[in-house]
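Understanding the architecture of this molecule
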Amino acid sequence: MADRAFDPASLRIGQGFDVHALVEGRKLILGGVDVPHTRGLLGHSDADVLAHAVADALLGGIRGGDIGKLFPDTDPAYEGADSLKLLAAVADKVRAEGYDILDVDSVIAAQAPKLSPYRDAMRENLARAMGVSVENVGVKATTTERLGFEGREEGISATAVCLLCRRP
Ligand SMILES: Nc1ccn([C@@H]2O[C@H](COP(=O)(O)O)[C@@H](O)[C@H]2O)c(=O)n1
Ligand SMILES: C[C@@]1(CO)OP(=O)(O)OP(=O)(O)OC[C@H]1O
């Protein structure tokens, strides 16, 4: 790391969190992956709770509000929107503000279905959307041991953190 000297004041962290309800008759899209399941997430967009949490983490890092401010859920333009495209637009905004995306990590809280088979595909989709290496994108999954709304399979939540660096 000796050759990677940087001004610590150029670093920013961001945190994002999102929840969507599980309902019948919707696809379950997580990190851009169409996960086979009996129910899917309800939302104005494709309700990709993971992509939304990551987008909000990026926006937190630049103190840029949140995705609801950028892409209002009252705007028909975002009805059924591909959330990876919204995430790509947010990543472009981060770079336009003078920041590079160094690292992103995330957790999905879902009692079901089993998500580990889709983890790497989600990482690849998120990385491509943000224009970063897949090595710099983490996705994890946890149940909540049947506790809370995720545990009762009423919904799925996701949380994400990111590290940004202002270009010199
Ligand atoms: N929807 C999920 C939830 C969990 N996993 C994987 O199972 C592991 C154990 O989960 P616990 O909640 O019992 O700690 C977890 O670390 C994940 O690898 C999963 O794939 N999909
Ligand atoms: C993604 C957006 C797009 O209108 O809508 P939803 O899919 O409803 O998702 P949510 O996280 O509730 O709000 C953010 C909105 O920007």
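Predicted model, so just to flag it, every value in this text is computed and none were measured.

Rules and cut-offs
Within each chain, residues carry numbers counting from 1 in the order of the written sequence. Each chain is given a letter, starting from A, and each ligand a number, starting from 1, according to the order in which they appear as written. Totals for whole chains, interfaces and linings use all residues, but because this is a predicted model, local features are given only for residues with pLDDT of at least 70 and pairs of side-chain atoms are given and counted only at 80 or more. A set of buried Ala, Val, Leu, Ile, Met, Phe, Trp, Tyr and Cys residues, joined to one another through C-beta atoms within 7 Å, is what we call a nonpolar core. Think of it as a crowd count around each C-beta: if 20 or more other C-beta atoms lie within 10 Å the residue is buried, if 12 or fewer it is exposed, and in between it is partly exposed, with C-beta placed from the backbone throughout. By definition, any uninterrupted DSSP run of H or I lasting at least four residues is a helix, any uninterrupted run of E lasting at least two residues is a strand, and each is numbered from the N terminus. By definition, residues are in contact whenever their C-beta atoms, placed on the basis of the backbone, come within 7 Å of each other. Note on definitions: a residue is near a molecule or strand provided its C-beta atom, placed from the backbone, lies within 6 Å of it. Any residue outside Ala, Val, Leu, Ile, Met, Phe, Trp, Tyr, Cys, Pro, Asp, Glu, Lys and Arg is labelled polar, Gly included; the first ten of those are nonpolar and the last four are charged. UniProt positions are given in the numbering used here, feature names are shortened, and annotations may be inferred rather than shown by experiment.

Of all hydrophobic cores here, the largest spans 46 residues; its most connected members are Leu 30, Leu 50, Val 54, Ala 55, Leu 58, Leu 87 and Ile 108. Among the elements that take part in this core, helix α1 (residues 49–61) stands out by supplying 9 residues, more than any other. If we skip the residues at most four places from it in the chain, Leu 50 touches Leu 30, Gly 31, Ser 106, Ile 108, Met 122 and Ala 158.

The omega angle of the peptide bond from Ala 112 to Pro 113 is -5°, so this bond is cis rather than trans. Summarising the element assignment, Pro 113 is placed in the loop between β5 (99–109) and α4 (119–130). We note that Arg 146 has phi near 65°; this positive angle belongs to a residue other than glycine. Relative to the helices and strands, Arg 146 is located in the loop between β6 (140–142) and α5 (148–151). Under the C-beta neighbour-count criterion, Arg 146 is labelled exposed, with 10 such atoms within 10 Å. Positive phi outside glycine occurs at Glu 153, with the angle close to 60°. Its place among the elements puts Glu 153 in the loop between α5 and β7 (155–166).

Around ligand 2 sit 13 residues, and of these Gly 43, His 44, Ser 45, Phe 71 and Tyr 78 come closest. In the shell around ligand 2, the residues fall into 6 nonpolar, 5 polar and 2 charged.

Here the focus is the site of ligand 1. Taken together, Ala 110, Lys 114, Leu 115, Ser 116, Ala 141, Thr 142 and Thr 143 make up all the residues around ligand 1. A class-by-class count of the residues in the shell around ligand 1 yields 3 nonpolar, 3 polar and 1 charged.

So, on to the UniProt feature "binding site: a divalent metal cation" (unreviewed entry) in the protein. Following the UniProt record, the feature "binding site: a divalent metal cation" (unreviewed entry) maps to Asp 18, His 20 and His 52 here. Maximum C-alpha separation among the annotated residues is 10.1 Å over a sequence range of 35 residues, consistent with a single clustered spot. Within the secondary structure, Asp 18 is located in strand β1 (residues 11–23). Judged by C-beta crowding, with 25 C-beta atoms within 10 Å, Asp 18 ranks as buried.

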